[in-house]
Amino acid sequence: MKISVIGCGYLGAVHAAALSSLGHVVTAVDTDQDKVHQLSGGRVPFFELGLAELLAAGRHAGRRAAGTASAAAAV
């Protein structure tokens, strides 16, 4: 299933990573370009135990992406 998560903060990034680990194709959207850039590069802008590994797994599987425009949201 294609899912969009609006907001890449503490809740959105974790939610997107968890959904991706379940096999969904997830696009996370946020207005903060720096946060999106960090998440796209596999870096987490805050501490959440195990999140970096979940993000990396989703990215390598091609099931996770991040963008700054609402047009990036999955349709």
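Heads up: the structure comes first, above all this text.
Residues numbered from 1 in each chain as written. Predicted model: local features only at pLDDT ≥ 70, side-chain atom pairs only at ≥ 80, totals over all residues. Heavy atoms only, no water.

Q: Any details on the nonpolar core? Residues and values, ideally.
A: Within the largest apolar cluster, 13 residues are counted, with the highest numbers of intra-cluster contacts made by Val5 and Leu51. Breaking this core down by element, the ones donating at least two residues are strand E1 (2-6), helix H1 (10-21), strand E2 (25-29) and helix H3 (51-60). Counting residues per element, this core draws most heavily on H1, at 4 residues. (Core = buried A, V, L, I, M, F, W, Y, C linked by side-chain atoms within 4.5 Å. Buried < 20%, exposed > 50% of the residue type's maximum accessible area, 1.4 Å probe, protein only. Helix = DSSP H or I, 4+ residues; strand = E, 2+ residues; numbered from the N terminus.)

Q: Tell me what's going on with the side chain of Gln38, and back it up with residues and numbers.
A: You can see Gln38 is positioned in helix H2 (residues 33-40). Gln38 gets classed as buried once you look at its relative accessible area, which sits at 18%. Once residues lying within four places of it in the same chain are set aside, the contact partners of Gln38 are Arg43, Val44 and Pro45. (Contact = heavy atoms within 4.5 Å.)

Q: I'd like a rundown of the environment of Val26, residues and numbers included.
A: Take Val26: it is sitting in strand E2. Overall, Val26 belongs to the buried group, its relative accessible area being 1%. For the pair Val26 and Val5, spaced 21 residues apart in sequence, the C-alpha to C-alpha distance is 7.2 Å. When sequence neighbours within four positions are dropped, the list of residues in contact with Val26 reads Ile3, Val5, Ala16, Leu19, Ser20, Arg63, Arg64 and Ala65.

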